[in-house]
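Commentary on secondary and tertiary structure
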Amino acid sequence: MTRRRLGDETLMTETDHTRPSNPFLRNALSAGLIAALLGVVAYGIVTLFDGFQILDDGYFYARYAHHLVTEGTVAWNPGAAPSFGPTSLGWVFALAPLMVVFPTWPAQAILVGCAVFAGVFALALLGLIARDAPRGVRLPAMVLVALSLGLSAPHFAAMVTSGMDTAFALTFVPFLLWAYLGAERRATTFRAIFAGAVGGLAFVVRPDLLLFAFAAPTAMLVLGRDEARRSGAIAMTTTGLVLGAQLLAAQIYFGRPLPLSFYAKSTGFFSDEMHAVFVDTPQLELLKFALSYRILLVLILIDFVFAPRRWWRATSPVEKGITGAAVLFITYYLFFVLQMMGENARFYYPTLPVIAWLATRSLARLLGDRTDRLRDATARLPIAAHAFGAAALVALTLPAVRGIVEFQPQKRDDARRLGRFDIAAMHAEIPNPSIWYGIREFAQLDGDFTIATTEVGVPGVVCIDKTIADLSGLNEPWIVDAGGFTAEAFFEQHRPDILYQVFDTYPQIRNELENSRTFRNDYDYFPDLGTGIAVRRDSPHHGFLIELVAKYPR
């Protein structure tokens, strides 16, 4: 760029090699960069479209959704009373239409639903940043978040395809933030009521999200000025009313206000041996999560640690509130929850939208008044430089792409194949199964048939029209109501035709069953088959079951 002075004006002329890049081309290239980074995530999800990828608990929701569609009730067993087993009632209702589309392929319904909500989450999060970030850092912030998702693609994709409610819950959080930020900036009664109503709906999405729903208005009420305090009070009141209505409805419909998992996992229901098995899970999964999103977390830490007073002055009440809520959320799951099936940091992932949003705010503060100069400097770069920078950022995700390729199901020799959704057939193809012996044959039996086990997800969808007796207490309220598992109380409730003996991670339940008089007197027990199989002697299917059990290798 050269300058020449003429009177009081400064005229600027451009040489070819310093000509500013075309704004349209820059924006198109930026959009392409973000799409490419998110494409890495999409590639990871698609390569895990495999029925075996879904966690056993993920199949809970498909069973509930099936009964919702076919019987109109949120029930675990066909024809049974409603059961508050699903942590996320919203995920059950979201899956219901997909169970209509894929009535015989619950795995496909689950994976399609998870993938759709993962996509909505990414778009909602980027939309929130595009609306909320200061103009000078808007595009860098969007690229930063997309890059973080791309770098963590294997981890994020595994979380999404686990079939749990996590992807659905993630989608809700950006909208919750959007509502409260709007109520804070324009303190109108309507916006406050709307934000409070959205916050109250957190209960049906995932109850633990209520921590964010209450933290934001509490911060507005305590730390805000007159208008903000008024909005906070209205929003909190609305959230409380919406939540109260849902708790009352749950009490009337289910006979209890909270999911069974709350009572089972947070009130000492499980034995000390069970806690010992999963004692390291919270720390290990949190470490994986933190490493996956280290760029975002480092920005937040730098912003806070090196200038805490500036951080306090520069942050709004809502930002302070959700920051504290995120810390409390992680602390709660780190120290106070038994993380069974805590794979892929699924208990921590609901904080990701909050972390991403806080990181963009930290980025804006760290750049400060350099934002405009940085934007002008990059605008003067030729389009070739922008293209090179975009290519370099995409190249950073190559290790993630390599990790996805190496983890593809079709490369593993355990009956896993990309695009396979027939769970019964896939389990039957395993050469020496350690669990689910004969599950496909059981599904074809006519008449009443009951299976008992702790890992109820797979049999729950394979034998979707059969009774599944849940020994773990996550879907059947009688165990929680009794204050714990006892074998005799169980046999009073159920007389299963076949019982898959529980894993060693449930030593108390296993010992109760094996020492039970009913178990010894009424069942033929084959302890050398996987975890052990017991067949009821007076079952109308006893002969068939014994013949079936005899076919499998010891």
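Residues numbered from 1 in each chain as written. Predicted model: local features only at pLDDT ≥ 70, side-chain atom pairs only at ≥ 80, totals over all residues. Heavy atoms only, no water.

Relative to the elements of secondary structure, Ala-395 occurs in helix 20 (residues 383–395). The sequence separation of Ala-395 and Leu-37 amounts to 358 residues, and the corresponding C-alpha distance is 9.7 Å. (Helix = DSSP H or I, 4+ residues; strand = E, 2+ residues; numbered from the N terminus.)

Attention now goes to the side chain of Ser-472. Relative to the elements of secondary structure, Ser-472 occurs in the loop between strand 4 (467–470) and helix 25 (477–481). A distance of 2.7 Å separates polar atoms of two side chains, one belonging to Ser-472 and the other to Asp-470. (Polar contact = N/O pair within 3.5 Å; in protein donor to acceptor, adjacent residues only side chain to side chain.)

Turning our attention to the pattern of salt bridges. For the coordinates displayed, the defined rule picks out 16 salt bridges. Salt-bridge contacts for Arg-310 lead to Asp-303; the nearest nitrogen and oxygen are separated by 2.9 Å. Given a relative accessible area of 31%, Arg-310 falls into the partly exposed group. When the shortest N-O distance is used, the salt bridge between Arg-495 and Asp-538 registers 3.0 Å. A residue pair is termed long-range when its members are at least 10 positions apart, and Arg-495 in the loop between helix 26 (487–493) and strand 5 (498–500) and Asp-538 in the loop between strand 7 (533–536) and helix 29 (542–551) qualify at 43 residues. Each of Asp-132, Arg-185, Asp-303, Arg-310, Glu-319, Arg-361 and Arg-365 takes part in a single network of salt bridges with overlapping partners. (Salt bridge = Lys/Arg side-chain N within 4 Å of Asp/Glu carboxyl O. Buried < 20%, exposed > 50% of the residue type's maximum accessible area, 1.4 Å probe, protein only.)

Bringing the packing of helix 7 (residues 166–185) against helix 18 (residues 352–367) into the picture now. Where helix 7 contacts helix 18, the axes come no closer than 8 Å and their chain directions differ by 45°. In terms of their interaxial angle, helix 7 and helix 18 are classed as oblique. Where helix 7 approaches helix 18, its residues Leu-170, Val-173, Pro-174, Leu-177, Leu-181 and Arg-185 are matched on the opposing element by Leu-352, Pro-353, Val-354, Trp-357 and Arg-361. For the contact of helix 7 with helix 18, the residue count by class is 9 nonpolar, no polar and 2 charged. (Axes fitted to C-alpha atoms, helices over the stretch in contact; angles between N-to-C directions. Parallel < 35°, antiparallel > 145°, perpendicular 65-115°, else oblique. Contact = heavy atoms within 4.5 Å. Nonpolar A, V, L, I, M, F, W, Y, C, P; charged D, E, K, R; others polar.)

On to the sheet that holds strand 3 (residues 450–453), then. The 5 strands lie next to each other as 4-3-5-7-6, forming an open sheet whose pairing is mixed. The two strands at the open ends of the sheet, each matched to only one other strand, are strand 4 and strand 6 (523–526). Direction aside, the axes of adjacent strands within the sheet are offset by 20° on average. Taken together, the 4 bridges between strand 6 and strand 7 define a ladder with antiparallel strand orientation. (Pairing = 2+ DSSP bridges.)

Right, let's talk about the nonpolar core for a bit. Membership of the largest hydrophobic core comes to 169 residues, with the highest contact counts inside it found for Phe-156, Tyr-349, Leu-352, Phe-442, Ile-451, Phe-490 and Leu-513. Among the elements that make up this core, the one with the highest residue count is helix 4 (residues 106–132) (12 residues). (Core = buried A, V, L, I, M, F, W, Y, C linked by side-chain atoms within 4.5 Å.)

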